[in-house]
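# An overview of the molecular structure
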Amino acid sequence: QVQLVESGGGLVQAGGSLRLSCAASGRTFNEYAVGWFRQAPGKEREFVAAIGFNTDYADSVKGRFTISRDNAKNTVYLQMNSLKPEDTAVYYCAAKFGRTIVVTTRYNYWGQGTQVTVSS
């Protein structure tokens, strides 16, 4: 069982930056692939970034967002730069055993989400 807790969301002006954190319980977190997803009001949850054997990003965030992990701290980060109003959403991290990443919502464990609001 893995429990995930996101933090780092908030209100930021367009062009600003935020770093989200996803802290996980469990001693074998380094054996999990972790993804970030987001969901805006009235929209479906969408893939943002993932890390495992490799990393992958949604086209809409490539060059602006960076996913990384610190296995010693059981934490995955999402550095978000050059934020745009359309990045406004609740951001969720998710984990699955095995380091092959997927870009769908086929993850076993989910956090509660953290709100990111980008003002214009």
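As shown above, the structure is provided for reference.
Residues numbered from 1 in each chain as written. Predicted model: local features only at pLDDT ≥ 70, side-chain atom pairs only at ≥ 80, totals over all residues. Heavy atoms only, no water.

## Overview of the environment of alanine 50
We count it as follows: Comment: elements are numbered from the N terminus, with helices defined as DSSP H or I runs of at least four residues and strands as E runs of at least two. In what follows, residue pairs with any heavy atoms lying within 4.5 Å of each other are defined as contacts.
Mapped onto the elements of the fold, alanine 50 is located in strand 5 (residues 46-51). As a C-alpha pair, alanine 50 and glutamine 13 span 37 residues in sequence and 25 Å in three-dimensional space. Apart from the residues within four sequence positions on either side, alanine 50 is in contact with Val34, Gly35, Thr55, Asp56, Ile67, Ile101, Val102 and Tyr107.

## Section: the state of the cysteines
What makes a disulfide is a covalent bond joining the sulfur atoms belonging to two cysteines. Operational definition: When two cysteine sulfur atoms are found within 2.5 Å, that pair is recorded as a disulfide. Only protein chains enter the area calculation, which uses a 1.4 Å probe; residues under 20% of their type maximum are buried, those over 50% are exposed, and those in between are partly exposed.
Summed over all chains, the structure comprises one disulfide. Across the disulfide from cysteine 22 sits cysteine 93; the S-S distance is 2.1 Å. The S-S bond linking cysteine 22 to cysteine 93 shows a torsion near 65 degrees; that makes this disulfide right-handed. Here cysteine 22, found in strand 3 (residues 18-24), pairs with cysteine 93, found in strand 9 (residues 89-97); they are 71 residues apart in sequence, far enough to count as distant. The exposure class assigned to cysteine 22 is buried, which follows from its relative accessible area of 0%.

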